[in-house]
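Residue-level listing of the chains:
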Amino acid sequence: MDLVLLPIVLLAAFLNGYGIWNDQYANSYYTTAVGSMLSNFHNFFYASLDSAGSVTVDKPPVVFWIQTAFAYVFGLHGWSVILPQVLAGIGSVLLIYFMVKPTYGLAAARISALVMATVPVVAAVSRTNNIDSMLVFTLLLGSWFLFKGSKQGSTWRILVAFGLIGVAFNMKMLQAYMILPAFYLFYLLAFQAKWRRKIILLIGSTAVLAVVSLSWAVTVDSIPEDERPYIGSSETNSVMELAFGYNGLARLTGQQNTAGNAGMPNGMGQGDNRGNRGDSSSGPNQTGSGVPGAGQDVNAQDNDNMNGSNGNFPNRQMPNDMEMPNGRDFGGGMGGMFGTGEKGPLRLFQTELSGQASWLLPVVLLGCIALFAGLRRRNITNKHKGALFWLAWLLPVAAFFSVAGFFHQYYLIMLAPPIAALTGAGFVAMWKSYRDRNGWQAWLLPVSVLLTTLFGWYIMQVYNDTIGAGWSISELIAGILVTVILIVMFHRTHQWKQGFIIAGFIVMLIGPIYWAFTPITYGGNSMIPAAGPTGSNGMFGGAGMGMPMGNGAGDTEMPTMGGRGGMGNRNEEVDTATLNYLKEHNTGETYLFATTDYNQAAPYIIDERAAVITLGGFSGSDPVYTTEELEQLVKSGQVKYFMVGGMGGRGGNSDISDWIKEHGTEIPTSEWKTGTDSGSMDNGDTENEAGLGFGFGFGFGGQTTLYEVKL
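Residues numbered from 1 in each chain as written. Predicted model: local features only at pLDDT ≥ 70, side-chain atom pairs only at ≥ 80, totals over all residues. Heavy atoms only, no water.

1. Quick look at the sheet that holds strand β4 (residues 664-667)
Overall, mixed pairing links the five strands, which are arranged β2-β1-β3-β5-β4 in an open sheet. Either end of the sheet is taken by a strand with one partner, and the two such strands are β2 (612-614) and β4. Neighbour-to-neighbour, the strand axes of the sheet open up by a mean angle of 30°, direction not taken into account. Its contacts with the sheet put helix α22 (residues 576-584) on β1 (593-595), β3 (641-645), β4 and β5 (704-709), and the angle it makes with β3 is roughly 145°. Across the sheet, helix α25 (residues 654-663) touches β3, β4 and β5, and the angle it forms with β5 is around 60°. (Pairing = 2+ DSSP bridges. Helix = DSSP H or I, 4+ residues; strand = E, 2+ residues; numbered from the N terminus. Axes fitted to C-alpha atoms, helices over the stretch in contact; angles between N-to-C directions. Contact = heavy atoms within 4.5 Å.)

2. Comments concerning helix α21 (residues 510-521)
Here α21 spans 15 Å end to end across twelve residues, near enough to the 16 Å set by a 1.5 Å rise per residue. Turning to α21, its buried residues are Gly511, Pro512, Tyr514, Trp515, Ala516, Thr518, Pro519, Ile520 and Thr521. After α21 finishes, the residue Gly523 shows a positive phi value of roughly 90°. (Expected span 1.5 Å × (residues − 1). Buried < 20%, exposed > 50% of the residue type's maximum accessible area, 1.4 Å probe, protein only.)

3. A short note on the environment of Val612
Tracing the backbone shows Val612 in strand β2. The buried category is assigned to Val612, whose relative accessible area is 0%. Considering only alpha carbons, one finds Val612 and Thr590, 22 residues apart in sequence, at a separation of 8.8 Å. Ignoring any residue separated from it by four or fewer positions in sequence, one finds Val612 in contact with Asp50, Ser51, Ala52, Tyr591, Phe593, Thr595, Ala601, Tyr604 and Ile605.

4. Things to note about the confidence of the model for the protein
Scored by pLDDT, the protein comes out at a mean of 82, with 78% of its residues at no less than 70. Low pLDDT, under 50, characterises residues 536-569; the predicted model gives this stretch 128 contacts beyond four residues in sequence or across chains. Contacts from residues 676-701, a stretch scored under 50 in pLDDT, to residues over four places away or in other chains number 73 contacts. (pLDDT = per-residue confidence, 0-100.)

5. Regarding a nonpolar patch on the surface
On the surface, a cluster of nonpolar side chains totalling about 390 Å² of accessible area is made up of Trp443, Val447, Leu451, Leu454 and Ile487. Ranked by the residues each element gives to the nonpolar patch, the list is headed by helix α17 (residues 444-461), at three residues. Residue position: Val447 is located in helix α17. (Patch = residues over 30% accessible without salt bridge, like charges linked within 9 Å, V, L, I, M, F, W, Y side chains within 5 Å. Areas by Shrake-Rupley, 256 points an atom, 1.4 Å probe, with all protein chains shown as cover. Salt bridge = Lys/Arg side-chain N within 4 Å of Asp/Glu carboxyl O.)

6. Focus on the packing of helix α8 (residues 132-152) against helix α10 (residues 180-190)
Any two packed helices are characterised by the angle at which their axes cross and by the distance between the axes. Contact pair α8 / α10: the axes reach a minimum separation of 9 Å and the direction vectors enclose 15°. Here α8 is positioned roughly parallel relative to α10, judged by the angle of their axes. Between α8 and α10 lies a crossing of right-handed hand. The residues of α10 that touch α8, namely those facing Gly142, Ser143, Leu146, Phe147 and Ser150, are Phe183, Phe186, Tyr187 and Ala190. Considering only residue class, the contact of α8 with α10 consists of six nonpolar, three polar and no charged. (Parallel < 35°, antiparallel > 145°, perpendicular 65-115°, else oblique. Left-handed = near helix turned anticlockwise from the far one by under 90°. Nonpolar A, V, L, I, M, F, W, Y, C, P; charged D, E, K, R; others polar.)

7. Some thoughts on helix α4 (residues 62-74)
At 3.6 residues per turn, the α-helix brings residues three or four places apart onto the same side. Across its 13 residues, α4 extends 19 Å between first and last C-alpha, which sits within 8% of the 18 Å expected from 1.5 Å per residue. Three or more residues of α4 are buried, namely Val62, Val63, Phe64, Gln67, Thr68 and Ala71. Immediately beyond the C-terminal end of α4, within one or two residues, lies Gly75, with a positive phi of roughly 90°.

8. Observations concerning the environment of Arg228
As for its position among the elements, Arg228 is in the loop between α11 (195-222) and α12 (239-253). With 172 residues separating them in the primary sequence, Arg228 and Thr56 have C-alpha atoms 9.4 Å apart. A distance of 3.0 Å separates a polar side-chain atom of Arg228 from the backbone oxygen of Val220. (Polar contact = N/O pair within 3.5 Å; in protein donor to acceptor, adjacent residues only side chain to side chain.)

9. Structural notes on the side chain of Asn247
Within the secondary structure layout, Asn247 lies in helix α12. Sequence-distant contacts of Asn247, that is, excluding residues within four places in its chain, are made with Asp58, Lys59, Met173, Leu174 and Leu242.

10. Quick look at the packing of α8 against helix α15 (residues 382-403)
Two elements in contact, α8 and α15, have axes separated by 13 Å at closest approach and are oriented at 150°. Here α8 lies roughly antiparallel to α15, going by the angle between them. Between α8 and α15 lies a crossing of right-handed hand. Judged by residue contacts, Leu139, Leu140, Ser143, Leu146 and Phe147 of α8 engage Phe389, Trp390 and Trp393 from α15.

Here it is, written out as structure tokens:
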């Protein structure tokens, strides 16, 4: 056993897991789905958002199946649905180690594992219940089988490798396919077999990939629409369309449906409103619930997309005179509000994205030069093949994020494995060239230390007002000092020479390690996780999972707006007055209430395991129900109470809301809600409403009204 690996694993466990017990709801959109999935197999299979099984979340179900299993064993808590991702993050560190070690040696494996553990975005994502940590682990597991199968000429390992990519597709759809170029290239180069067998196996592996990938989607789409939930955030109530549209091509082009834009102010959600969502006239009929559904023409919303084609606030001013956090230019068009920078070949080096995963790209670049310096056409070694695999993973992913119209910062976790592996392999290659004084290649090591520390200074100095200038200046000075020492000692033999090489690597890790700790020290964001000293204070901040540290300057921090996990997680604990009122006045209805805002349903489903209907998915805009179906719901005695509002008018279906208001009786707030707050807070604290109430769709201070409908 490698004893050096143990502290690296413990470091990964700490970065991924410390404080997750403080996150009550995590990403409440997904946690609500897990709560619903615990109730019956129908909801479990479809990854239904609500208790009625009326609408799904906007992703495939595999990760949520795993989270539901953990919740079944440990109970439904924020930490129990986060735990699988914590373990996946640790598993990814181990897989990187065991994939790098056979080809590049022990030192490279240790370096790669340490880098994987400390890539900031990995730490930020792995401590949430978002899908990406589990996705990366599954892709790495498939890659491990590919490496093993190619080396040993094992057919079943190759089939398993491609099958695992299919499993990953059922986690986050086309994002899983970003590594297929690496898979095909490495297989063709490294698999030990005659070409005839190699091609036949490749065709078979591709067939396995397709079958596994499409198994759930084709199954669901083949079921009549009135017997299954509506596919959340889709245009045509189809998983296939969701996969290749909203979760596929639309990510590249930025031409999202307006699922996250409806109800938002100008400049935040000005994407083209979509019109008819399809010709389907029938929606879901929830098996076992007796709830019919139908499609209808609406302007729909998008869970992931909170910004439109002009996602900027004028003059960096947010509502209520709040400024954008220092160091974050929320420009960049479609992705601007989420700090994804301007499209272009240097996008990953821009301030908005560089702190997530780009710190060691200079080492990767120079390390690849060292790795391929001795490449000859007839002398392609295993080291070259391995490096080509990681490059074929890195380059397409980097190219995509350089031009993509819409993504979040945490998607950059896809860059972490190749960066980690190439850093380990490349640094050791440069180390050997420096030690052996191998001509011009020997100078790659000191140059890499200098360029990487300069880049680290560039990333950190933007945040000097928040973290203090000491961090960026210290890294810069240390990097220059080590570089000078390495140059001076180049032609000398000294017992400390190797120590200075190690010191150079440690200096390069100052920035990424600091950033990897920021979700703990500054607080994280479970809804849209990102590393950095403004991670909990961005547009939708506030998971409250970290150790409150304040900021360096004391006056640049943006007020946190979310109670538990960022945007969408503004739901507080269950309002006991509301719960008691609804229970006392329930006369046998199946569902406690129905709501136009899933945030209102979330704490009741998660904490109380109450049966609640969401009338339109994440945004309230999915065409799940028609007014005729609502009428049938009420007449059949399945529900009589409806909560309308809560998101301040964001999204929603006006026909549904109008029908509820027309046929319902408004219940005075004093009878069912704690205190005088008409928003979502249950403890009488109106700070968010008074100080942060935007009044245009985030729900901070939005009106919530309870109606009783009897027909």
